[in-house]
Amino acid sequence: MESRDIDGKRYFFFNVPGFDIRFFARSDEKAAYMKLVRYPYPLFKFLSYDVVLKKEIDFVRYPFVDGEKWRRETEGAAMLWPVVIKRKITADFDVTGPLDAVYKGKAVDAWHVRMIMEIGDKNPMEENHWYVEGIGYVRGDTKQHFVELEGFRLKTN
């Protein structure tokens, strides 16, 4: 698995299938954190650019607590050679769960983490992510994509 040290911490690449968006993330016993996002250029998909976060964002906290909310503010810098574009980023998170779900025919508890992110353009974006203890990330739903681990489904579907 591809990784990189940033500010003395080891981050690993995670990829969004079909979109070639990659995240540098790490985790410890308290949370999972993101420090950098790599996007493909709109016209030249074989090239990519990085958005580096000045402060890492904890996008998941352990253990999950129903109703927990937190806000993170940082600055992102997009490296669009030869230009660097900086924007203030605000991300609000809230946790719901446990929700009844099924994974490979077995009842499991899923936790929903909703994120509202504003990247300095006054146009907030909503992302919804689901996690199952012992399995990890099982579902993601954004305006741009929907992904779900094979064999997983919420009982409300």
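Residues numbered from 1 in each chain as written. Predicted model: local features only at pLDDT ≥ 70, side-chain atom pairs only at ≥ 80, totals over all residues. Heavy atoms only, no water.

Enquirer: Looking at this structure, I do not really get the overall build of the protein. What am I missing?
Expert: When helices and strands are tallied, the protein shows 0 helices and 12 strands. Secondary structure elements in the protein, listed N-terminal to C-terminal, are β-β-β-β-β-β-β-β-β-β-β-β. At 16 Å, the protein has a C-alpha radius of gyration in line with the 15 Å of a compact globule built from 157 residues. Based on the C-alpha atoms only, the size of the protein along its principal axes is roughly 50 × 35 × 30 Å. The 157 residues of the protein split such that 40% are buried. When contacts within the protein are restricted to residue pairs at least 6 apart in sequence, long-range pairs at least 24 apart make up 34% of them. Here the protein carries 26 positive and 25 negative side-chain charges, and the mean point of each set is 3 Å from the other. (Helix = DSSP H or I, 4+ residues; strand = E, 2+ residues; numbered from the N terminus. Rg over C-alpha atoms; globule rule 2.2 N^0.38 Å. Buried < 20%, exposed > 50% of the residue type's maximum accessible area, 1.4 Å probe, protein only. Contact = heavy atoms within 4.5 Å. Lys, Arg positive; Asp, Glu negative; His and termini not counted. Charge placed at Lys NZ, Arg CZ, Asp CG, Glu CD.)

Enquirer: Help me understand unusual backbone geometry, please; the structure alone is not making it clear to me.
Expert: Among all residues save glycine, negative phi is the norm, and among peptide bonds the norm is trans. A cis amide bond, omega -15°, links Tyr62 with the succeeding residue Pro63. Positionally, Pro63 belongs in the loop between β5 (48–61) and β6 (69–80). The omega torsion of the bond from Gly97 to Pro98 falls at 0°, within 30 degrees of zero and hence cis. Its place among the elements puts Pro98 in strand β7 (residues 83–103). Of note, the phi angle at Lys104 is positive, near 50°, even though the residue is not glycine. Relative to the assigned elements, Lys104 resides in the loop between β7 and β8 (106–118). Look at Lys122: it is not a glycine, yet its phi comes out positive at around 60°.

Enquirer: I'm lost on the packing of aromatic side chains in this one. Help?
Expert: How two aromatic rings sit relative to each other is set out by the distance from centre to centre and by the angle between their planes. Taken as a whole and assessed by the stated rule, the structure comprises 6 aromatic pairs. Taken together through their ring pairs, the aromatic side chains of Tyr62, Phe64, Trp111, Tyr131 and Tyr137 make up a single cluster. Positioned over the ring face of Tyr33 is Arg26, at 4.2 Å from the centre of the ring. One residue, Arg139, lies across the ring of Trp130, its end atom 4.7 Å from the ring centre. (Phe/Tyr/Trp six-rings, centres within 6.5 Å; stacked < 30°, edge-to-face > 60°. Lys NZ or Arg CZ within 6 Å of the ring centre and 35° of its normal.)

Enquirer: Before we go on, may I ask you to explain the nonpolar core in this structure?
Expert: Note on soluble globular proteins: their nonpolar side chains tend to be buried together. Judged by nonpolar contacts, the single largest core of 18 residues is most densely connected at Phe64, Phe93, Val95 and Val113. Secondary structure elements with two or more residues in this core: β4 (31–40), β5, β7 and β8. Setting aside chain neighbours within four positions, we find Phe64 in contact with Val95, Trp111, Val113 and Tyr131. Formed by 9 residues, the second largest nonpolar core is a distinct cluster that contains Ala101, Tyr103, Ala110 and Phe152. (Core = buried A, V, L, I, M, F, W, Y, C linked by side-chain atoms within 4.5 Å.)

Enquirer: Please clarify how the pairing of β7 should be interpreted in this entry.
Expert: When a strand is regular, its side chains alternate between the sheet's two faces. Sheet topology note: the β6/β7 ladder contains 12 bridges and is antiparallel. Each residue of the ladder has a partner; that of Arg72, found in β7, is Ala91. Joining the antiparallel neighbours β6 and β7 is a turn of 2 residues. Pairing of β7 with β8 involves 12 bridges; the strand directions are antiparallel. Note on β8: the bridge partner recorded for Tyr103 is Lys106. Linking two consecutive strands that pair antiparallel, namely β7 and β8, is a turn of 2 residues; a positive phi of about 50° is found at Lys104 within it. (Pairing = 2+ DSSP bridges.)

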